[in-house]
Structures are given as structure tokens and as C-alpha cells.
Amino acid sequence: MISKSSNVFSAYAQDEIRLRKDLVLNVGLRYDHYSTFGSTTNPRAALIYNPWVKTTFKFLYGQSFRAPNMFELYYDAPGNEANPSLNPETVKTMELVWEQYFAHHFQTTVSGFYYPIHSVISEQVDSANGNAVFTNAGSVNLRGLDFGLSRSLPDGVEGTLSYTFQDAINPDTGMGLTNSPKHLIQATLNVPLVRKKVFASMDLQYLSNRETLAGQYSGAYTVTNFTLFSRSVIKGWEVSASLYNAFNEKFADPGGNGLAEDVLLQDGRNFRIKVGYRH
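Now for a description of the structure that goes with this document. (Residues numbered from 1 in each chain as written. Predicted model: local features only at pLDDT ≥ 70, side-chain atom pairs only at ≥ 80, totals over all residues. Heavy atoms only, no water.)

Within the chain one finds 1 helix and 17 strands. Each principal axis of the C-alpha atoms in the chain carries an extent, and together these give about 65 × 55 × 45 Å. Within the chain, buried positions represent 28% of all 279 residues. Across the chain, every contact between residues at least 6 apart in sequence was considered, and the portion connecting residues at least 24 apart equals 47%. (Helix = DSSP H or I, 4+ residues; strand = E, 2+ residues; numbered from the N terminus. Buried < 20%, exposed > 50% of the residue type's maximum accessible area, 1.4 Å probe, protein only. Contact = heavy atoms within 4.5 Å.)

Right, here's the structure in full:
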């Protein structure tokens, strides 16, 4: 068994600059130093424009990273030393957002996004000795559109509906990624049953088909979940009962590297009770 330790130091600064009465610039900068691979500095910025009381436009930009974890760093590493060639994954995020409020408590959101991701960490087989190692294998361009509609009523009833179209491709080959759905739909509804203390909720999730590692496709599916939960009926206690995959949908997710199965069958209808206490 290998025992390893590492240190992380982080610092973050943020400021808000009001350029005009209806225009705000939010800027931030984060610095991280990892003992395993070194330092990284990432900026963020948001330009927020409110031309009218119920209308907001946002342009968001940011840079972030995912540090390689201990398993990726030390898996099959010679001499139990960290893999010196493994760098963090990096991503630049760009979003353009339009938020619009309407009468009767409606809100709509439309956004377009583009995320170029570089130095993606993946498991590769070394052709020289046949061993598996983790390397920075390539890049991914993720782009798409997101539409959302929500409504919150004074009596506690809340509902949301969202649709996302996304396209994830490898810019080097022009090919799409495996296990990446192009269409996602989600709907939720929360209804208070007893004086805003006992609630019933429903959420529905739809995923379109996804390509597997074998070049086949897992089928599209829709899963519906129901939950009954309480808040502070008895001081400090929270109780919930959930029915997952209520209509017993048969579906599978694409398998990963090293698995014999091309797709993995997921749970059918199942039930869960949760009791929590906080003070």
C-alpha cells in the first residue's frame, strides 16, 4: 500500500465595479499552488447589464482547472513517484445569458455556452509494455444552448422546466464524445401540503441516446421520481420518503474502460426513506 500526502495553498480576490447605473462588472482572480504539480492562476469576469427592471443580460467568462487526483498521479508510477508528465485539465468558460421576468411570477432564462477543455486526463495503454497509464490525452469543445422556465407562487408552489442542447466534440478528430447526450430535459414541481412544512415533489429527467465505447448507442430514457418531505414539523428533524424511477423504466448507461459490458443496466423502481436531525 502506498501512502502519499500533498499540500494545497489557495488565495482569491474579487471586486465589483459599477460602470453605469445599469451596468456592473464583477471580476475575480484565484491562485492555487499544489505540491504535486505547481501553481495555476485563473481569472473570472461577469458583465451584467440591466436595461429594464425585469430584464438582465450577462456575459460570463472564466478559467478553471481540475487537478489530477492521487490515483491518477501514482497509478503504475515508477518508484512510487508522481507521474511527472501529468498536468491538470484546464477549461475556459464563456456564456451569454438573457434572464426575463414576467407577470404572475414567471422567469425565463436563455443562454448559450462554449467550453473549450484542454489536457483532458484519460487512461491510455502504453504500447511498449501494455501497462495502463494516465496521460493528458487531448481536448474537448463543449458548446450548446440552454432554455429554462420557472414559476414560484406565494403559496409555496414552485415549478421549473429546462431543455439543454449540447454538442461535445474532439477538435483534433471532429468526432463526438462517448457517453455524451445531445438533448437533456428536466422538469420539477414542488407543492406544499401542510402549511409549508410538508411538501410533495416530482422531478422528471430525459436523456437522449449516447454513444458507447464500442460504437453502439445506449437508448434514450425518461425517469420520474417522487418525494414526500417535511421541514421542521418537529424542531430539528427532517424526514423524506422517495420513490425513484417510479414507472420502472428499463435503461442503461455506457460502460467505461476496462469493463466487459458495453452498457450497464441501471436500477429499476426503488424506494428510500431518510431521517435527519440538525441543531
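Let us look at the environment of Ala13. Looking at the secondary structure, you find Ala13 in strand 1 (residues 8-20). With relative accessibility at 47%, the residue Ala13 sits in the partly exposed group. Separated by 52 residues in the primary sequence, Ala13 and Phe65 place their C-alpha atoms 17 Å from one another. Every residue in contact with Ala13, bar those within four places of it in the chain, is listed here: Val27, Gly28 and Leu29.

Here we come to the packing of aromatic side chains. In the structure shown here, the tally under the stated rule is 12 aromatic pairs. Between Tyr34 and Phe37 the ring centres are 4.9 Å apart and the planes differ by 20 degrees, which places this aromatic pair in the stacked class. Centre to centre, the rings of Phe147 and Tyr163 are 6.4 Å apart; their planes meet at 15 degrees, and the pair counts as stacked. Here Phe147 is found in strand 7 (residues 132-152), whereas its partner Tyr163 is found in strand 8 (residues 158-169), with 16 residues between them in sequence. We classify Phe147 as partly exposed; its relative accessible area is 37%. Judged by its relative accessible area of 29%, Tyr163 is partly exposed. Cluster of aromatic residues (ring-pair linked, three or more members): Tyr34, Phe37 and Phe65. (Phe/Tyr/Trp six-rings, centres within 6.5 Å; stacked < 30°, edge-to-face > 60°.)

The subject of this paragraph is the environment of Phe229. Along the polypeptide, Phe229 turns up in strand 13 (residues 221-230). The class for Phe229 is buried, based on a relative accessible area of 17%. As for Phe229 and Ser242, which are separated by 13 residues in sequence, their C-alpha atoms are 8.3 Å apart. Every residue in contact with Phe229, bar those within four places of it in the chain, is listed here: Lys197, Val198, Phe199, Ser201, Val239 and Ser240.

Another aspect to go through is the pattern of salt bridges. For the coordinates displayed, the defined rule picks out 8 salt bridges. When the shortest N-O distance is used, the salt bridge between Arg66 and Glu72 registers 3.1 Å. For Arg66, a relative accessible area of 31% translates into the label partly exposed. Residues Lys182 and Asp167 are paired through a salt bridge, measuring 2.6 Å at the closest nitrogen-oxygen approach. Linking Lys182 in the loop between strand 8 and strand 9 (183-194) with Asp167 in strand 8, this pair joins segments that are 15 residues apart in sequence. (Salt bridge = Lys/Arg side-chain N within 4 Å of Asp/Glu carboxyl O.)

Grouped burial of nonpolar side chains is what soluble globular proteins tend to show. Within the largest apolar cluster, 6 residues are counted, these being Val91, Phe113, Tyr115, Val140, Leu142 and Ala168. Among residues more than four places away in sequence, those in contact with Ala168 are Val140, Asn141, Leu142, Met175, Gly176, Leu177 and Ser180. Counting residues in hydrophobic clusters, the runner-up holds 5 residues, among them Leu73, Tyr74, Leu86 and Ile121. (Core = buried A, V, L, I, M, F, W, Y, C linked by side-chain atoms within 4.5 Å.)

If a residue is not glycine, its phi is most likely negative; likewise, a peptide bond is most likely trans. Positioned with a positive phi, Asn245 is a non-glycine residue whose angle comes to about 50 degrees. As for its position among the elements, Asn245 is in the loop between strand 14 (237-244) and strand 15 (252-254).

Another aspect to go through is the environment of Leu19. Relative to the elements of secondary structure, Leu19 occurs in strand 1. The partly exposed category is assigned to Leu19, whose relative accessible area is 47%. Taking the C-alpha atoms as reference points, Leu19 and Leu47, 28 residues apart in sequence, are found 9.7 Å from one another. If we skip the residues at most four places from it in the chain, Leu19 touches Leu25 and Leu47.

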